[in-house]
Amino acid sequence: MKTTLTVNGQLRHLDADPRTTLLDALRNHLNLTGSKKGCDHGQCGACTVIVNGRRINSCLSLACMHDSDEVVTIEGIGTPEHLSALQQAFVSHDGFQCGFCTPGQICSATAMLDEVEAGWPSHVSADVTAKQDLTVEEISERMSGNLCRCSAYPNIVDAIMDVAGSAKR
Amino acid sequence: MTLHLKMDDRDDRYRLDDMVQGLVGTPTDRPEGKLKVSGKASYAMDVLPDDVCHGVLVRATITHGKLRDLDTEAVRALPGIRTVITGKRMLRNPAQGMAGKAPVQGSDDIAYFGQPVALVVADTLEQARHGALALRLTLEAKGDAVVNPHDPDASVEMPKKEQVLIGDLDEAMKKAAFSVDQHYTTPGHSSAAMEPHASVAHWHGDSVTLRGSYQMLAYNKAELADALGISEKNVRILAPYVGGGFGAKLGISPEAVAAALASKELGVPVAVSMTRQQVFETTMRRSETNQRIRLAADENGLLTGIGHEALVSNLPGEDFSEPVTQATPFLYRGENREIVHKIARIHRTCAGSVRAPGEAVGLTVLEIAMDELAEKAGIDPVELRKKNIPDQDPTDQIPFSSHALAEALDEGARRFGWDKRNPKPRSTRDGEWFVGMGMASAVRVNMLIESKARVTLSADGRAMIETDMTDIGTGTYAILGQIAGEMLGLPMEDVETRLGDTEFPPASGSGGSFGAASNGTAVLLGCEEIRRQLCKKLNCEDADMTLKGGYAIVGNKRIALRDVLDGDTLVGEGHVQPGKAEKKVRQATYGSYFAEVGVNSVTGETRLRRMLGVFAAGRILNAKTARSQCLGGMTFGIGMALTEELIHDRRDGHMVNHDFAEYHLPVNADVPQIEVVLLEERDEWANPLQAKGIGELGICGAAGSIVNAIYNACGVRVRQLPATLDKVIDGLDEAT
Amino acid sequence: MNPFEYTRAASRHEAATMAAGGATVIAGGTNLLDLMKLEVMTPERLVDISRLDMDDIETTADGGLRIGAMVRNSDLAAHEIVRSTYPVLSRALLAGASGQLRNKASTGGNLLQRTRCYYFYDTAMPCNKREPGSGCQAIGGATRLHAIFGASDHCIATHPSDMAVALQALDAKVEIENATGDIRTVELESFYRLPGNTPHIETELKPGDLITAVIIPPAKGSRQTYRKVRDRASYAFALVSVAGVIEMSDGKIAHASLAFGGVAHKPWRNAEIEQMLLGEAPSQDLFRRVADTLLRNAEAQGDNAFKIKLLHRTLCAVLTELTEG
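Residues numbered from 1 in each chain as written. Chains lettered and ligands numbered in written order. Predicted model: local features only at pLDDT ≥ 70, side-chain atom pairs only at ≥ 80, totals over all residues. Heavy atoms only, no water.

All names here are of chain B. Applying the stated criterion across every chain yields a total of 96 salt bridges over all chains. The partner of D11 in a salt bridge is R13, and the shortest N-O contact between them spans 3.1 Å. Residue classification places D11 among the buried positions, given a relative accessible area of 7%. Between R414 and E411 there is a salt bridge, with its nearest N and O atoms 2.9 Å apart. You can see R414 and its partner E411 sitting in helix α12 (residues 405-416), three residues apart, about one turn around the helix. The class for R414 is exposed, based on a relative accessible area of 57%. Residues joined by salt bridges that share partners form a network here, namely D11, R13, R15, D18, E528, R531 and D542. (Salt bridge = Lys/Arg side-chain N within 4 Å of Asp/Glu carboxyl O. Buried < 20%, exposed > 50% of the residue type's maximum accessible area, 1.4 Å probe, protein only. Helix = DSSP H or I, 4+ residues; strand = E, 2+ residues; numbered from the N terminus.)

What follows is the structure in structure tokens.
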């Protein structure tokens with residue numbers, strides 16, 4: 001199945017079994033192994049990537065369904081030499097331990113901040129018609145699709161708060 | 001070359017305190033952090049050779065019986081299928097921690113539902129995944145499978161060395177002014193590390209290299225060699241990054257052996273990652289426990305007796321049993337003691353180590369019982385614990401190496417605002433929510449395990465550490481670098497730490513909270529050896545030499561290390577072994593938890609509002625990573641208290657909720673901004689770092705503080721964990 | 001995942017025609033791919049409708065809302081009219097799944113989610129829904145998630161959707177187009193079926209039927225809420241949930257529609273209790289009688305007995321909240 005994706009700004013061509021998920025395509029065909037497979041069923045969020053500006057679970061999507069889509073993976077967010085502000089905040093706040101869920105957490109958080117910016121409400125918003133402030137409670141709820149068994153959750157929240165507060169994503 | 005230390009006695013040299021680089025103890029960022037946040041840290045499945053084949057395990061779908069046949073022909077006919085591996089070398093279950101030899105092998109005998117019996121290998125993952133599900137097995141079930149620990153047909157063992165009887169507990173209970181005699185249960189738990197168990201095997205001639213997700217490589221190498229029937233020297237294991245372990249990756253697992261067998265047969269590298277469901281079903285579970293606690297106290301609340309009985313389970317033939325009562329013999333006073341430990345042999349997924357085997361569930365339950373006693377005796381729960389801290393280990397009659405429980409209790413109570421707690425349940429309301437506070441003590445035994453490391457100071461003045469130690473999120477990269485930097489007077493960026501390769505000197509591995517102290521000591525010893533060689537070059541005594549910022553300072557001379565080395569490279573190996581110290585004193589870490597919960601008066605849902613942990617674990621090597629370890633442990637405690645439970649079908653024992661949708665790990669919204677306080681402490685009996693383990697302390701008893709808070713909030717005492725709403729809702733009636 | 005042929009539909013007609021010929025429709029794929037990986041579902045042909053022009057939310061002539069089948073859950077939850085006029089729907093969507101899943105999951109697909117019954121998900125277990133006639137292993141097994149209403153000897157599964165529960169309380173209709181181009185609308189109430197002895201047939205959809213939209217009439221009540229009770233604070237399926245739409249007039253209940261999730265093979269609704277509330281002044285006694293009536297015929301399966309008390313209490317709390325002030 002021939003598929004063309006724009007991944008981290010680069011046009012990438014793929015010819016894979018139609019059964020190939022977006023996650024497996026990134027990892028096994030395009031050698032972008034930053035996105036992780038923690039459950040393969042949309043239950044952990046380690047595979048989170050940003051497609052056309054939206055965060056999704058790349059394990060629950062077929063690569064062929066994304067023909068001509070724009071995909072941003074952790075590798076497109078920043079490199080060890082040039083970390084994004086969120087990536088740097090994760091390091092400073094120890095927003096991870098084993099690091100396996102971390103690329104998914106950061107992709108998720110990056111897109112989540114855009115959702116807040118767009119005024120999307122959340123389950124914990126007292127008033128769904130209003131624009132929400134980014135409280136600890138709001139961040140925690142919005143990041144609940146990303147499991148972390150080491151439980152860096154409080155540090156992840158601090159890292160996001162730090163960056164959102166200084167608006168320098 | 002090698003500096004060796006057998007820990008027979010205290011080490012009161014306090015070598016780290018002589019140093020001036022100022023690294024140890026500081027909240028230094030993880031040196032590998034930038035790789036982890038940018039997706040560049042390479043876990044087991046992240047470096048696949050071009051010609052790799054993919055394998056997927058196939059499980060047995062009976063509880064007990066025989067595998068009679070496999071229809072491999074049909075599967076081999078599917079596109080891309082390369083081979084089907086099965087037979088006598090397949091592992092029934094993972095090796096237990098530090099086994100150093102293969103576990104039960106062979107796919108013919110089925111001992112539990114989900115046991116891996118075959119590996120289907122194909123050119124692509126998609127082909128292998130389908131092939132594995134398409135493989136038809138002919139299975140013959142035995143009708144007599146016992147799957148519940150309480151089944152009267154279950155064979156129950158009582159290992160002699162696990163039982164303790166001191167004094168007369170029955171008599172103490174009779175005479176007690178206040179007493180508690182209750183039964184409690186905790187369910188099975190899964191380590192549920194985010195990285196599934198995975199291995200990539202590749203042979204070169206008679207030697208196999210395995211890239212895997214493992215915690216204890218030196219042991220894993222021996223286990224893999226034994227399982228394959230080859231010499232250890234023909235096995236190399238690589239695990240530079242491990243996506244969490246929590247006990248589940250202590251021993252070699254079925255996917256590693258299957259990958260190696262397949263790679264051998266096909267002559268190409270084979271990658272096998274367990275599915276999440278397989279991780280649940282075929283790696284270690286923490287045993288469910290059935291516990292009875294008896295507490296006898298006099299009119300002042302002083303304990304006169306403690307009884308702790310536990311029934312746990314495991315597969316036939318496994319020597320591990322959850323050491324539920326491990327801390328009970330020495331935590332509290334009481335001259336009459338009875339400890340009973342029973343193991344039921346049942347056909348469920350293998351039981352093994354999950355973060356803090358023993359105290360995680362045993363102390364949690366003891367701490368719930370202590371809360372019940374506090375209420376009966378009308379004594380504040382913090383006071384009750386403080387009163388009952390013994391002067392020495394009351395069972396073994398040996399002194400404590402260090403003991404900061406009282407301080408942790410006081411500090412925690414003060415910081416949390418414990419004095420604002422109304423001991424009467426249901427006295428605080430916040431809208432629909434009952435609000436309450438609870439607390440518990442923390443304790444975890446401390447261990448030292450044989451460990452080696454090599455430190456190389458190269459001519460350019462940079463140091464390198466090599467050891468087959470792992471960093472499973474525990475901060476090994478950070479703390480080893482800090483120790484070496486401190487000892488050799490180098491900034492972090494001048495120390496490189498290489499881990500996770502069995503070509504390096506064998507380490508303790510990561511487990512039982514002993515990794516940092518054991519392997520850190522090996523690094524310290526290696527550095528001491530290098531310092532000895534530097535002194536020789538400088539013709540001075542160690543006490544007269546200061547190393548800082550890449551310089552040696554002797555007297556009034558300050559010389560760049562590069563110049564001291566003058567083209568030489570110095571190598572120092574450190575080797576530490578446990579010795580008589582662990583028999584002379586009782587070594588443990590201590591702490592306290594304080595929790596505030598809301599219990600919904602309508603639904604019985606519990607949500608944690610605040611939580612504080614205060615911990616003393618000897619010298620803290622890195623304030624940042626140590627705090628993170630405590631956060632992680634406490635969150636395991638939140639899961640244990642509120643949501644985590646392996647559900648087994650009562651008829652065939654199969655694990656019903658084998659995924660993350662239905663085995664409920666805490667999510668971000670379940671975890672408030674937990675506070676962690678680390679107390680200053682040194683334990684000179686533990687090791688030359690005066691540091692003790694901290695990776696597990698944070699889970700030991702944590703759930704107890706939450707369950708006790710539920711009681712204080714709404715008056716419902718939950719004795720069957722987790723405290724899901726169905727356990728609470730019946731008790732809410734009188735409230736509304 | 002068994003091998004399949006993948007086609008991206010160029011039109012609704014093509015999709016419906018392929019579906020009539022046995023192809024399985026994929027939209028967001030968040031549940032279908034989950035089930036395909038386990039081979040609980042094994043379609044040989046997939047027709048992808050995700051790029052068909054069905055992602056609009058429009059107001060209808062009568063003041064209601066027409067939601068295209070491909071509207072993503074997150075867009076629906078964040079839509080201004082939904083937030084202001086149908087907050088029960090926003091709330092239900094936001095209580096479901098995770099941010100990532102809501103970005104992918106479609107309106108039509110959400111309606112067609114399969115049950116989360118453990119035994120349905122495990123192909124080693126007999127299951128009448130997965131394999132008609134094989135039996136129901138959930139009965140007598142682990143039943144914490146299972147139904148207290150409308151179960152049969154063949155199936156005790158529940159429907160997992162939150163969104164559908166809110167839509168049920170809003171009297172939504174499903175717009176369906178078939179391969180011949182005929183368009184019909186079906187009340188959500190009759191769209192879903194109870195398991196009976198054919199639990200594998202879950203809806204009124206016939207081969208070749210394509211959900212094209214969901215239509216909600218003008219809101220009949222301005223007091224709306226969705227209350228979801230679950231084991232975790234987030235990212236978990238409902239143990240029970242209540243969607244409520246109430247209108248008050250002169251201190252009396254002028255309109256009440258209530259739907260319940262996590263308790264039956266479909267979003268559950270009970271006309272009798274809504275009738276009981278009409279014209280009445282709110283009181284705890286009334287709410288208790290209403291809840292008693294709702295749960296009169298509830299039947300526990302063992303592990304899920306708590307749901308009866310839980311739903312009773314949750315309903316009373318929701319009614320209290322929606323009628324106060």
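A cis amide bond, omega -5°, links L721 of chain B with the succeeding residue P722 of chain B. Relative to the elements of secondary structure, P722 of chain B occurs in the loop between α18 (702-714) and α19 (725-728). Although it is not a glycine, N8 of chain A sits at a positive phi angle of roughly 50°. Inspection of the secondary structure assignment puts N8 of chain A in the loop between β1 (2-7) and β2 (10-15). With phi around 55°, A192 of chain B is a residue other than glycine that occupies positive phi space. Of note, A192 of chain B is situated in the loop between β11 (189-190) and β12 (198-204).

Contacts between the two partners involve 53 residues from chain A and, on the opposite side, 59 residues from chain B. Seen at the junction of chain A and chain B, the total is five salt bridges. Across the salt bridge formed by K36 of chain A and D46 of chain B, the nearest N and O atoms sit 2.6 Å from each other. Listed by contribution, the elements that provide at least two residues to the side of chain A that touches chain B are α1 (22-29), α2 (74-77), α3 (85-92), α4 (102-117), α5 (136-142) and α6 (153-166) of chain A. It is α6 of chain A that provides the largest number of residues to the side of chain A that touches chain B, a total of six residues. Of the residues belonging to the side of chain A that touches chain B, the class tally is 22 nonpolar, 19 polar and twelve charged. (Contact = heavy atoms within 4.5 Å. Nonpolar A, V, L, I, M, F, W, Y, C, P; charged D, E, K, R; others polar.)

Time to look at the UniProt feature "domain: Aldehyde oxidase/xanthine dehydrogenase a/b hammerhead" (unreviewed entry) in chain B. What UniProt calls "domain: Aldehyde oxidase/xanthine dehydrogenase a/b hammerhead" (unreviewed entry) maps, in this numbering, to residues 38-143 of chain B. Along residues 38-143 of chain B the backbone is 14% helical and 30% strand, and the end-to-end C-alpha distance reaches 53 Å. (UniProt positions renumbered as here; feature names shortened; annotations may be inferred.)

All names here are of chain C. Strands sit in the order β4-β5-β8-β6-β7 across an open sheet of five strands; the sheet is antiparallel. Edge positions in the sheet fall to β4 (57-59) and β7 (183-187), since each has one partner strand and no second. Pairwise comparison of adjacent strand axes, ignoring direction, gives a mean angle of 25° for this sheet. Bridge count between strand β5 (residues 65-68) and strand β8 (residues 210-216): four bridges; the pairing is antiparallel. Along β8, the bridge assignment pairs L65 with I216. Sheet strands in contact with helix α1 (residues 12-20) are β6 (173-177) and β8, and its direction is about 120° off that of β8. (Pairing = 2+ DSSP bridges. Axes fitted to C-alpha atoms, helices over the stretch in contact; angles between N-to-C directions.)

In total, this model carries 13 aromatic pairs over all chains according to the counting rule given. Between the aromatic rings of F416 of chain B and F594 of chain B, the centroid separation amounts to 5.9 Å while the plane-to-plane angle is 35°, which identifies the pairing as tilted. Placement of the pair is F416 of chain B in helix α12 and F594 of chain B in strand β29 (residues 588-600), with a sequence separation of 178 residues. As far as burial versus exposure is concerned, F416 of chain B and F594 of chain B are alike and both buried. Between F149 of chain C and W268 of chain C, the aromatic rings sit 5.0 Å apart at their centres with planes inclined by 5°, giving stacked as the arrangement. (Phe/Tyr/Trp six-rings, centres within 6.5 Å; stacked < 30°, edge-to-face > 60°.)

Bringing the UniProt feature "domain: FAD-binding PCMH-type" (unreviewed entry) in chain C into the picture now. UniProt's feature table lists "domain: FAD-binding PCMH-type" (unreviewed entry) at residues 1-221 of chain C, given in the numbering used throughout. What you have in residues 1-221 of chain C is 28% helix and 16% strand, and the ends, taken at the C-alpha atoms, are 45 Å apart.

For the rest of this paragraph, the subject is the side chain of T143 of chain C. All names here are of chain C. Within the secondary structure, T143 sits in the loop between α8 (118-121) and α9 (163-169). By relative accessible area, T143 is classed as buried at 1%. A polar contact is formed between the side chain of T143 and the backbone oxygen of Q301, at a distance of 3.1 Å. (Polar contact = N/O pair within 3.5 Å; in protein donor to acceptor, adjacent residues only side chain to side chain.)

This brings us to the sheet that holds strand β27 (residues 557-560) of chain B. Residue and element names in this part refer to chain B. Strand order in this open sheet of three strands is β25-β26-β27, and the pairing throughout is antiparallel. Only two strands of the sheet have a single neighbouring strand rather than two, namely β25 (545-548) and β27. Neighbour-to-neighbour, the strand axes of the sheet open up by a mean angle of 25°, direction not taken into account. Bridge count for strand β26 (residues 551-554) against β27 is four bridges, and the pairing is antiparallel. Bridge pairing in β27 links V554 to K557. Sheet strands touched by helix α14 (residues 515-538): β25, β26 and β27. Its angle to β25, the strand with the most contacts, is close to 115°.

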